[in-house]
Amino acid sequence: MSRLRFFPLLFALVFVPVLAGAVTTFEIFEASTLNQVVKRNKLIVGMEVKFFPFEYSDTRGEPVGVDVDLARLAAKELGVEIEIKDMEFSGLIPALQGGKIDMIISGMTRTLARAKTVTFTKPYFETGLCALVSNKKAPDLTRVSQLNDPRRVIAVKLGTTGDIVASKLFPKARLNRYKEETACVLDVVAGRADAFFYDQLSIAKHHRQNPGTTHAILKPFTYEPYAIAIRSGDFVFLNWLNQFLETIKADGRYERLHHEYFGDLPQREKTRDPD
Ligand code: ARG
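Quick notes on the rules
- Residues numbered from 1 in each chain as written.
- Predicted model: local features only at pLDDT ≥ 70, side-chain atom pairs only at ≥ 80, totals over all residues.
- Heavy atoms only, no water.
- Pairing = 2+ DSSP bridges.
- Helix = DSSP H or I, 4+ residues; strand = E, 2+ residues; numbered from the N terminus.
- Axes fitted to C-alpha atoms, helices over the stretch in contact; angles between N-to-C directions.
- Contact = heavy atoms within 4.5 Å.
- Core = buried A, V, L, I, M, F, W, Y, C linked by side-chain atoms within 4.5 Å.
- Buried < 20%, exposed > 50% of the residue type's maximum accessible area, 1.4 Å probe, protein only.
- Near = heavy atom within 4 Å.
- Polar contact = N/O pair within 3.5 Å; in protein donor to acceptor, adjacent residues only side chain to side chain.
- Areas by Shrake-Rupley, 256 points an atom, 1.4 Å probe, with all protein chains shown as cover.
- 1 Å grid on protein atoms, 1.4 Å probe; cavity = no way out; pocket = protein on both sides within 12 Å on 5 of 7 lines; lining within 4 Å.
- Sits in = over half its atoms within 2 Å of the grid points.
- Nonpolar A, V, L, I, M, F, W, Y, C, P; charged D, E, K, R; others polar.

S.K.: Mind laying out the sheet that holds strand β10 (residues 174–178), listing which residues take part and the relevant values?
M.R.: Strand order in the open sheet formed by 5 strands is β10-β9-β11-β8-β12, and the pairing between neighbours is mixed. Looking along the sheet, the strands with just one partner apiece sit at the ends: β10 and β12 (214–217). Across the sheet, the mean angle from the axis of one strand to that of its neighbour is 25°, orientation sign disregarded. Relative to β12, strand β8 (residues 129–134) is paired through 4 bridges, and the arrangement is antiparallel. The residue bridging Ser-134 from the neighbouring strand is Thr-214, located in β12. Packed on one face of the sheet, helix α6 (residues 161–169) meets β8, β9 (153–157), β10 and β11 (195–199) and runs near 145° to β9. Sitting on the sheet, helix α7 (residues 181–190) touches β8, β9, β10, β11 and β12, and the angle it makes with β11 is about 145°.

Okay, here's the thing in structure tokens:
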């Protein structure tokens, strides 16, 4: 068979797109994080390892939690090593954009605002913001709407949805913005702030640890779906990650993980409290 017979096909598939400056599907795959991760034999995951029970340190200082296990499972399925880069929450998106990490998995809520700069997978967990309330400064506070008042102070962790939502929905209140979650809790315990807005399981934990000085509003007042974030527009990697999440949900691995971390939590924290 003459090679010339294939020439028109070759011309159409390779030379025409190249001459036209078009990007081929091969080039798209080559440039994807998925391909880079497999080539370098390592998945680099960014998270702030201070968010129980999604990422926190065990007694030996090793990162553990739902997100840590999810990241390990993803690396295992990719057949590569894993490196976890622990960094401040507000620095995660810049680190992703700067190419320092391949993905973020850090209890990060998929919001429309964030989705303008990064691409999110399908959600792997759904929760909402709740409030840890000071018994000293706000003993009678029972509804978050009471906080939209110039005499009220809301503590929030910088760059989190608690921070974003507080400024948007509670414009009359004063905000105390801290880098550390613990500083927010301390503000409430000491009565400097009326409340601290954060994700449900964190608020439940802080209330459990400070039963005398705080009370909690454990009915979420926002919808917070957690998702993995990757660089904007990397649909090759996005497709793999969504398929990964779908697979572990279908084969029971996600459920086992869920059970391991949420199984022994008191029922109250798994359901929404009545008003
Ligand atoms: N879900 C919240 C957000 O996306 C808080 C996440 C905090 N995660 C962490 N690892 N500190 O803003």
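Additional details are given in the paragraphs that follow.
S.K.: Before we move on, can you summarise the nonpolar core with the specific residues and values?
M.R.: With 48 residues, the main nonpolar core has Leu-43, Met-103, Ile-105, Tyr-124 and Phe-196 as its most contacted residues. When residues in this core are grouped by element, the largest group, 8 residues, is from helix α4 (residues 66–78). When near neighbours in sequence (up to four residues on either side) are disregarded, Ile-105 contacts Val-45, Gly-46, Met-47, Glu-55, Asp-67, Leu-70, Ala-71, Tyr-124 and Ile-228.

S.K.: Account for the site of the ligand, with residues named and values stated.
M.R.: As a structural note, the neighbourhood of the ligand is formed by 15 residues, with Glu-48, Gly-107, Arg-114, Thr-161 and Asp-199 the closest of them. Interatomic distance of 2.7 Å between a side-chain N/O atom of Glu-48 and a nitrogen atom of the ligand. Contacts to the ligand include Glu-55, whose side-chain N or O atom sits 3.2 Å from a nitrogen atom. Summarising the interface, the protein chains cover 100% of the accessible area of the ligand, which totals 350 Å² for the free molecule. The cavity where the ligand resides is the largest cavity. Each residue belonging to the shell around the ligand can be placed in one class, and the counts come to 5 nonpolar, 5 polar and 5 charged.

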